[in-house]
Amino acid sequence: YELKFKNIKPLIFSLSWFAMLINWVFILNFLVALVNLLPLPIVDGGRMAYLAILALVKNNKKKASRIFAVVAFICLLLILLNIPRVLDFIKFIIY
């Protein structure tokens, strides 16, 4: 008895497409998680960073707020300084 797979190419293509979709969903989810962990006030990482700084300075809220503002500013500055590099990398990948 011999098995013949006449329609195997469409099946492989559909599985390949689905695997690529799952891969992209995983990558996007991972990147959203990384952005969410940034020590900026608008994301959850900002709250975690503020609470960690507050614990380090023994519940001195004024000092913790100042330190957190400096950390958030440095993080935002580093992000803004790297935007041209990211855009160049995207252009390199696309073209």
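Up top you'll find the structure we're talking about.
Quantities reported herein were computed from a predicted structural model and do not represent experimental measurements.

Criteria and cut-off values
- Every chain's residues receive numbers from 1 upward, in the order its sequence appears when written.
- At least 70 in pLDDT is required for a residue's local features to be given in this predicted model, at least 80 for side-chain atom pairs to be given and counted, and no such filter applies to totals for whole chains, interfaces and linings, which use all residues.
- Based on all heavy atoms of the structure, the side-chain values leave hydrogens and waters out of the count.
- A helix here means a DSSP run of H or I that spans at least four residues, while a strand means a run of E at least two residues long, and both kinds are numbered starting from the N terminus.
- Every helix has an expected span of 1.5 Å times one less than the residues it contains.
- When accessible area is computed with a 1.4 Å probe and restricted to protein chains, residues below 20% of their type maximum are described as buried, those above 50% as exposed, and intermediate ones as partly exposed.
- Residues grouped as a nonpolar core are buried Ala, Val, Leu, Ile, Met, Phe, Trp, Tyr and Cys residues, joined through side-chain atoms within 4.5 Å.
- Contacts were defined at the residue level, with two residues in contact if any of their heavy atoms lie within 4.5 Å.
- We define the bend at each residue as the angle formed by axes fitted to the 7 residues ending at it and the 7 residues starting at it.

(A) Structural view of helix α2 (residues 44-56). For α2, with 13 residues, the first-to-last C-alpha span of 19 Å sits near the 18 Å given by 1.5 Å per residue. Along α2, the residues that are buried comprise G45, G46, A49, Y50, I53 and L54.

(B) Inspection of the nonpolar core at higher detail. Formed by A49, Y50, I53, L54, V57, A64 and F68, the largest nonpolar core amounts to 7 residues. Of all the elements in the fold, those that place two or more residues in this core are α2 and α3 (61-94). It is α2 that contributes the most residues to this core, 4 residues altogether. With residues up to four places along the chain from it excluded, the contact list for A49 reads P39 and F68.

(C) Here's a closer look at α3. Compared with an ideal rise of 1.5 Å per residue, which puts 34 residues at 50 Å, α3 spans 47 Å between its outermost C-alpha atoms and is within 8% of the ideal. Taking the largest bend as the criterion, α3 deviates by roughly 40°, centred on I83, and proline P84 comes between one and four positions later. Of all the positions in α3, only A64, F68, A72 and C75 are classed as buried. Contacts from the buried residues of α3 go to α2.

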